[in-house]
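# Structural overview
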Amino acid sequence: MPWPMVHLTVAHLVQQGRPSPSFILGNIAPNAVTTRRNMNEQMKWNAHLCNVDGILPRVREIQQFHVSHTNIHLGEDYRQFLMGYAAHIYVDLRWAETVYKGMENLAESIFLYRWYMQFRSFQSLYNRDVTQLEYILMDTHPETKQLLELLESAPAASMGRLVSLQEVDDYRFAILRKLEEPIKPRSLRLMDIERIEQFIQETAEELRFLLPSWSALSSSSDAVEEVYSNNPYHG
């Protein structure tokens, strides 16, 4: 799945260049489970709302999660955090369907990569590219400094048993430390930066449609059905 800078860059566009700190924090929160002691794959999938291990939820399930939590009256910061949490899962889903799948197809179709993968896995190639992408996006997006400042200043928050307050705090400061490292990005091997920028723009546009409609709903199943039927991005 994409690493933090993709999530943060999408979040910046979703809220049209004026994201709230809590929305930014929510956009990295599902991955905070990775800081848990004795973390296992099941915990990771639970934090990402997966009913089946490794299978991301569909748009309707993300919507239902968001709607079911809107009646928890913990203030505007929590509401923004919840929207960010749901946005993260949606970005992961769209990434898996488009960018990740495209990279798999490319690796399988190019002889050089088929030969290379006799010795190293596709996942190692993928991890190499997403690591480099973090620093490329930092270099090319002027809002990076603002986003990291918002991430640092956001009030602490949790998503119940999915990710705790301490885990979210530990994860955000780990991200901040990591992205402060002075690393010069190298070229991408399987990813195309123009395709990534297109993904960021398109996914942000989709979320600008989806999140306000979800936020306006109560937790009734009729309301969920109504907005689902009118959603051009449902899946």
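The sections below set out a description of the structure shown in this document. These figures come from a predicted structure and were not determined experimentally. (Residues numbered from 1 in each chain as written. Predicted model: local features only at pLDDT ≥ 70, side-chain atom pairs only at ≥ 80, totals over all residues. Heavy atoms only, no water.)

## Things to note about the packing of aromatic side chains
This is how the line gets drawn: Pairing of aromatic rings covers Phe, Tyr and Trp, the last through its six-membered ring, and needs centres within 6.5 Å; plane angles under 30 degrees mean stacked, over 60 mean edge-to-face, and all others mean tilted. Helix numbers and strand numbers start at the N terminus; a helix is a DSSP run of H or I with at least 4 residues, a strand a run of E with at least 2. Burial classification: accessible surface area is computed with a 1.4 Å probe over protein chains only, and a residue below 20% of its type maximum counts as buried, one above 50% as exposed, and the rest as partly exposed.
According to the stated counting rule, one finds four aromatic pairs in the structure shown. Ring centres 6.4 Å apart and planes at 55 degrees place the aromatic pair Phe 81 and Tyr 85 in the tilted group. With Phe 81 and Tyr 85 both in helix H5 (residues 76-109) and four residues apart, this pair spans about one turn of that helix. Exposure class is identical for Phe 81 and Tyr 85. Each is buried. Summarising the aromatic geometry, the rings of Trp 95 and Phe 199 are spaced 5.2 Å apart at their centres and angled 85 degrees between planes, so their arrangement reads as edge-to-face.

## Notes on the packing of helix H1 (residues 4-14) against helix H7 (residues 122-140)
How we decide: Here an angle of 0 to 180 degrees is reported between the N-to-C directions of two axes, which are lines fitted to C-alpha atoms, with helices fitted over the stretch in contact. Throughout, a residue-residue contact means that at least one pair of heavy atoms, one from each residue, lies within 4.5 Å. Only Asp, Glu, Lys and Arg are considered charged, only Ala, Val, Leu, Ile, Met, Phe, Trp, Tyr, Cys and Pro nonpolar, and every remaining residue, Gly among them, polar.
Contact pair H1 / H7: the axes reach a minimum separation of 8 Å and the direction vectors enclose 35 degrees. Residues Pro 4, Met 5, Val 6 and Thr 9 of H1 touch H7, and the partners they reach there are Leu 133, Glu 134, Leu 137 and Met 138. Looking at the contact of H1 with H7 residue by residue, the class counts come to six nonpolar, one polar and one charged.

## What to know about helix H10 (residues 193-215)
As a reminder of what qualifies: A helix is expected to span 1.5 Å for every residue after the first.
Its 23 residues place the ends of H10 32 Å apart at the C-alpha level, agreeing with the 33 Å of an ideal helix rising 1.5 Å per residue. Listed as buried for H10 are Ile 196, Phe 199, Ile 200, Thr 203, Ala 204, Glu 206, Leu 207, Leu 210, Leu 211, Ser 213 and Trp 214.

## Digging into the layout of surface pockets
Here is the rule: Space inside and on the surface of the protein is sampled on a 1 Å grid over the protein atoms alone, with a cavity defined as a set of points where a 1.4 Å probe fits but cannot get out and a pocket as an open set with protein on both sides within 12 Å along at least 5 of 7 lines; lining residues have an atom within 4 Å of a point. Grid points are joined across faces, edges and corners, and a volume is the space filled by probe spheres set on the points.
Roughly 670 Å³ of volume is contained in the largest pocket. Around the largest pocket, the lining is made up of 27 residues, and of these Met 1, Pro 2, Trp 3, Asn 31 and Lys 44 lie nearest the centre. Of all the secondary-structure elements, those providing two or more residues to the lining of the largest pocket are helix H3 (41-47), H5, H7 and helix H9 (165-179). In terms of residue count, H7 provides more of the lining of the largest pocket than any other element does, six residues in total. Looking at the lining of the largest pocket, its residues break down into 15 nonpolar, seven polar and five charged.

## Side note on the pattern of salt bridges
Applied cut-off: Whenever a carboxyl oxygen of Asp or Glu lies within 4 Å of a side-chain nitrogen of Lys or Arg, that contact is scored as a salt bridge.
One pass over the structure, following the stated rule, counts nine salt bridges. Put simply, Arg 94 and Glu 97 hold a salt bridge, and the shortest N to O gap is 2.8 Å. Taken together, the positions of Arg 94 and Glu 97, both in helix H5 and three residues apart, correspond to about one turn of that helix. By relative accessible area, Glu 97 is classed as partly exposed at 34%. The residue Glu 181 makes a salt bridge to Lys 178 at a minimum N-O spacing of 3.7 Å. Residue classification places Glu 181 among the partly exposed positions, given a relative accessible area of 33%. One network of salt bridges, in which partners are shared, links Arg 58, Arg 94, Glu 97 and Glu 206.

## With respect to the packing of H5 against H10
Applied cut-off: Angular relationships are summarised with four words: roughly parallel below 35 degrees, roughly antiparallel beyond 145, roughly perpendicular across 65 to 115, and oblique for the angles in between. Crossings are assigned a handedness: left-handed for a near helix turned anticlockwise from the far helix by less than a right angle, right-handed for a clockwise turn.
Where H5 meets H10, the axes come as close as 10 Å, and the angle between the chain directions of the two elements is 135 degrees. In this view, H5 runs oblique relative to H10, as classed from their interaxial angle. Considering only the axes of H5 and H10, their crossing is right-handed. Facing Arg 79, Met 83, Ala 86, Ala 87, Tyr 90, Val 91, Arg 94, Trp 95, Thr 98 and Val 99 of H5, the residues of H10 in contact are Arg 195, Ile 196, Phe 199, Thr 203, Glu 206, Leu 207, Leu 210, Leu 211, Trp 214 and Ser 215. Residues of the contact of H5 with H10, tallied by class, amount to 13 nonpolar, three polar and four charged.

## As for the nonpolar core
For clarity, the cut-off: Remark: nonpolar core denotes a set of buried residues (Ala, Val, Leu, Ile, Met, Phe, Trp, Tyr, Cys) joined through side-chain atoms within 4.5 Å.
Counting residues in hydrophobic clusters, the biggest one holds 70 residues, and the most contacted among them are Val 6, Tyr 85, Trp 95 and Met 191. For this core, the element with the highest residue contribution is H5, accounting for 16 residues. Setting aside chain neighbours within four positions, we find Met 191 in contact with Trp 95, Met 103, Tyr 126, Asp 129, Val 130, Leu 133 and Ile 196.

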